[in-house]
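Below are the chains, spelled out letter by letter.
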Amino acid sequence: MYANAGGVTVSYFEWVKNLSHIRFGRMQRRAEEARHQLLMTELERLSADEGLGWTLSPGFKDSYLRGAGELELVRSGLDDTMRAAYQAMREVWHGRDDVHDLRVAAYIVSIGRVAATYVSKRL
């Protein structure tokens, strides 16, 4: 169940992206690039001003300024989602005496989340 959830999660990311007609990260990308450029400029200025004699390694500046691509953003979102899901299952698994495996813990967490959604919609 847990492994299959990874594929479902990535499908959800794709669905959201298609609904909004915006690539992942597009809205914040320019702001991040400007912030990264500011950092690189300041590092280079400090190096030159203080005579420290160090420089950024070849390719680092370009790679850093380019930022994350769509694949990296999806992997990051998937990693975060799967870690949180596992942690929720683990807490139930180790926190209840009547739960003997992760499969049952996964059912308890998922049913609890569905129930919480229904309750929140009634308010």
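Look a little higher up for the structure.
Residues numbered from 1 in each chain as written. Predicted model: local features only at pLDDT ≥ 70, side-chain atom pairs only at ≥ 80, totals over all residues. Heavy atoms only, no water.

Chemist: Mind showing me how you'd approach the nonpolar core here?
Modeler: Most often, soluble globular proteins keep nonpolar side chains buried together rather than apart. Counting seven residues, the largest nonpolar core is built from Ala88, Met89, Val92, Val99, Ala105, Ala106 and Val109. Within the residue set of this core, elements represented by two or more residues are helix H4 (70-95) and helix H5 (102-122). With near-sequence residues (within four places) excluded, Val99 lies in contact with Val92, Trp93, Val104, Ala105 and Ile108. (Core = buried A, V, L, I, M, F, W, Y, C linked by side-chain atoms within 4.5 Å. Buried < 20%, exposed > 50% of the residue type's maximum accessible area, 1.4 Å probe, protein only. Helix = DSSP H or I, 4+ residues; strand = E, 2+ residues; numbered from the N terminus. Contact = heavy atoms within 4.5 Å.)

Chemist: Can you walk me through a nonpolar patch on the surface in this structure?
Modeler: Side chains of Tyr12, Trp15, Val16 and Leu19 sit close together on the surface and give an oily, nonpolar patch of about 430 Å² of accessible area. With respect to the helices and strands, the residue Trp15 is situated in helix H1 (residues 2-20). (Patch = residues over 30% accessible without salt bridge, like charges linked within 9 Å, V, L, I, M, F, W, Y side chains within 5 Å. Areas by Shrake-Rupley, 256 points an atom, 1.4 Å probe, with all protein chains shown as cover. Salt bridge = Lys/Arg side-chain N within 4 Å of Asp/Glu carboxyl O.)

Chemist: Please explain the layout of surface pockets as it appears in this structure.
Modeler: Over the atoms, a rolling probe the size of a water molecule traces out where space has been left empty. Of the volumes computed, that of the largest pocket is approximately 300 Å³. As for the largest pocket, its lining consists of 14 residues, and the residues nearest its centre are Ala5, Ala85, Met89, Ser110 and Arg113. Along the lines of polarity and charge, the residues of the lining of the largest pocket split into ten nonpolar, three polar and one charged. Computed from the structure, the second largest pocket encloses a volume of approximately 160 Å³. (1 Å grid on protein atoms, 1.4 Å probe; cavity = no way out; pocket = protein on both sides within 12 Å on 5 of 7 lines; lining within 4 Å. Points joined across faces, edges and corners; volume = space filled by probe spheres on them. Nonpolar A, V, L, I, M, F, W, Y, C, P; charged D, E, K, R; others polar.)

Chemist: I tried to follow the packing of aromatic side chains on my own but got confused; where do I start?
Modeler: The relative placement of two aromatic rings is captured by the distance of their centres and the angle of their planes. Enumeration over the complete set of coordinates arrives at three aromatic pairs. An angle of 70° between the planes, with centres 6.2 Å apart, marks the rings of Tyr2 and Tyr86 as edge-to-face. Residue Tyr2 is found in helix H1, and its partner Tyr86 is found in helix H4; the two are separated by 84 residues along the sequence. Given a relative accessible area of 33%, Tyr2 falls into the partly exposed group. Between Tyr12 and Phe13, the aromatic rings sit 6.1 Å apart at their centres with planes inclined by 55°, giving tilted as the arrangement. Under the relative-accessibility criterion, Tyr12 is labelled partly exposed at 45%. On the basis of relative accessible area, Phe13 is assigned to the buried category, the value being 17%. Each residue in the set Tyr12, Phe13 and Trp15 is aromatic and connected to the rest through ring pairs, giving one cluster. (Phe/Tyr/Trp six-rings, centres within 6.5 Å; stacked < 30°, edge-to-face > 60°.)

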